[in-house]
Amino acid sequence: MTAADRDDKAEWRRLMTAAQDADGASYRRLLQELQPVLRRVVARRWRGTAEDVEDVVQEVLLSIHAVRHTYDPARPLMPWLMAIVHHRVADAARRSGRRVAEFAVGNLEETFGEIAAKSPSESQADGDALRRAVSDLPSGQRRAIEMLKLREMSLKEAAATSGMSVTALKVAVHRAVKRLRATMRRDED
């Protein structure tokens, strides 16, 4: 860090302290001097267009304004400022991800012509195959699946009914589901 950088940071700290004491001129000067620095920092962290970077910088400036009372003049300004930048860049990234997801979902076809719905006989065959797969499970796994998944009992109720511990029931269901998936996949092939 150069002596000029240290002087700038000390001056910005002084300006922020004055701004907290309602010195509007100091506040304006601080924001004007910070803008180019914020643009560089945001541009390094956010790989968007120049307009996107400027939007994030403006959000940072608005956040500084909204939370300027939280700055402690006894502490360095830059860590406080960089925390705000970090959060605004993260917010922009989340929004960007949502826009991409919304765009992607919005472009899906309303129907899927290549994927036909199962006929009633195919659905019945799947149900029969699942019933056979459940009946082929070891007794502890079958009882756990029947109580927790088919009869929708709570873990406490199933434990009281079966005499198995809650942990044993969870393990049995996990193993049963894994085994049922493997069986159903094998039957599909």
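Residues numbered from 1 in each chain as written. Predicted model: local features only at pLDDT ≥ 70, side-chain atom pairs only at ≥ 80, totals over all residues. Heavy atoms only, no water.

Novice: Looking at this structure, I do not really get the confidence of the model for the protein chain. What am I missing?
Specialist: Residues with a pLDDT of 70 or more make up 80% of the protein chain, whose mean pLDDT is 81. Note on residues 100-105: pLDDT under 50 across the span, and zero contacts to partners over four residues away in sequence or across chains. Taken together, the stretch residues 107-112 has pLDDT below 50 and engages in zero contacts with residues farther than four places along the chain or on a different chain. (pLDDT = per-residue confidence, 0-100. Contact = heavy atoms within 4.5 Å.)

Novice: Would you take a moment to explain the environment of Glu 188 for this structure?
Specialist: Along the chain, the position of Glu 188 falls in helix H8 (residues 166-188). On the basis of relative accessible area, Glu 188 is assigned to the exposed category, the value being 65%. The spacing of Glu 188 and Ala 129 is 59 residues in sequence and 9.9 Å in space, taken between C-alpha atoms. (Helix = DSSP H or I, 4+ residues; strand = E, 2+ residues; numbered from the N terminus. Buried < 20%, exposed > 50% of the residue type's maximum accessible area, 1.4 Å probe, protein only.)

Novice: What's the story with the side chain of Asp 91 in this structure? I'm lost.
Specialist: Looking at the secondary structure, you find Asp 91 in helix H4 (residues 77-106). Among the polar contacts made by the side chain of Asp 91, one reaches the side chain of Arg 88 at a distance of 2.7 Å. Among the polar contacts made by the side chain of Asp 91, one reaches the side chain of Arg 94 at a distance of 2.4 Å. (Polar contact = N/O pair within 3.5 Å; in protein donor to acceptor, adjacent residues only side chain to side chain.)

Novice: Looking at this model, I keep getting lost on the packing of helix H6 (residues 139-150) against H8. Mind explaining?
Specialist: What describes two packed helices is the angle between their axes and the distance between those same axes. One can describe the packing of H6 onto H8 by two numbers: an axis separation of 8 Å at closest approach and a directional angle of 100°. One way to sum up the angle between H6 and H8 is to call them roughly perpendicular. In this structure, H6 uses Gly 140, Gln 141, Ala 144, Ile 145, Met 147, Leu 148 and Lys 149 to contact H8, whose residues at the interface are Leu 169, Ala 172, Val 173, Arg 175, Ala 176, Val 177, Arg 179 and Leu 180. Grouping the constituent residues of the contact of H6 with H8 by class yields 10 nonpolar, two polar and three charged. (Axes fitted to C-alpha atoms, helices over the stretch in contact; angles between N-to-C directions. Parallel < 35°, antiparallel > 145°, perpendicular 65-115°, else oblique. Nonpolar A, V, L, I, M, F, W, Y, C, P; charged D, E, K, R; others polar.)

Novice: Mind showing me how you'd approach the nonpolar core here?
Specialist: When a protein is soluble and globular, its nonpolar side chains tend to lie buried together. Core analysis: the largest hydrophobic core is formed by 29 residues, its most contacted members being Trp 12, Leu 38, Val 42, Ile 64, Trp 80, Leu 81 and Val 85. Of all the secondary-structure elements, those providing two or more residues to this core are helix H1 (3-20), helix H2 (24-45), helix H3 (50-67) and H4. Looking at this core, the element that brings in the most residues is H4, giving nine residues. Dropping the residues within four chain positions of it, Trp 80 is found in contact with Met 16, Ile 64, Val 67, Arg 68, Thr 70 and Tyr 71. Grouped together as the second largest cluster of nonpolar side chains are 16 residues, Val 134, Leu 148, Val 173 and Leu 180 included. (Core = buried A, V, L, I, M, F, W, Y, C linked by side-chain atoms within 4.5 Å.)

Novice: Mind showing me how you'd approach the pattern of salt bridges here?
Specialist: Any two side chains of opposite charge can pair, on the condition that their charged atoms come close. As enumerated under the stated definition, the model contains six salt bridges in all. Between Glu 11 and Arg 14 there is a salt bridge, with its nearest N and O atoms 2.7 Å apart. Note that Glu 11 and Arg 14 are positioned in helix H1 at a spacing of three residues, about one turn of the helix. Since its relative accessible area comes to 21%, Glu 11 is described here as partly exposed. Through salt bridges with shared partners, a single ionic network connects Glu 11, Arg 14, Arg 29 and Glu 33. (Salt bridge = Lys/Arg side-chain N within 4 Å of Asp/Glu carboxyl O.)

Novice: Looking at this structure, how should I read unusual backbone geometry?
Specialist: In terms of backbone geometry, most residues other than glycine have negative phi values and most peptide bonds are trans. Even without glycine at this site, Ala 22 takes up a positive phi of about 70°. Among the structural elements, Ala 22 can be located in the loop between H1 and H2. Overall, the relative accessible area of 70% leaves Ala 22 in the exposed class. Positive phi outside glycine occurs at Glu 152, with the angle close to 55°. With respect to the helices and strands, Glu 152 occurs in the loop between H6 and helix H7 (155-162).

Novice: So what exactly am I meant to see when it comes to the packing of aromatic side chains here?
Specialist: Two aromatic rings, taken as a pair, are described by how far apart their centres are and by the angle between their planes. Enumeration over the complete set of coordinates arrives at one aromatic pair. Here Arg 68 stacks its cationic end above the ring of Tyr 27, 5.1 Å away from the centre of that ring. (Phe/Tyr/Trp six-rings, centres within 6.5 Å; stacked < 30°, edge-to-face > 60°. Lys NZ or Arg CZ within 6 Å of the ring centre and 35° of its normal.)

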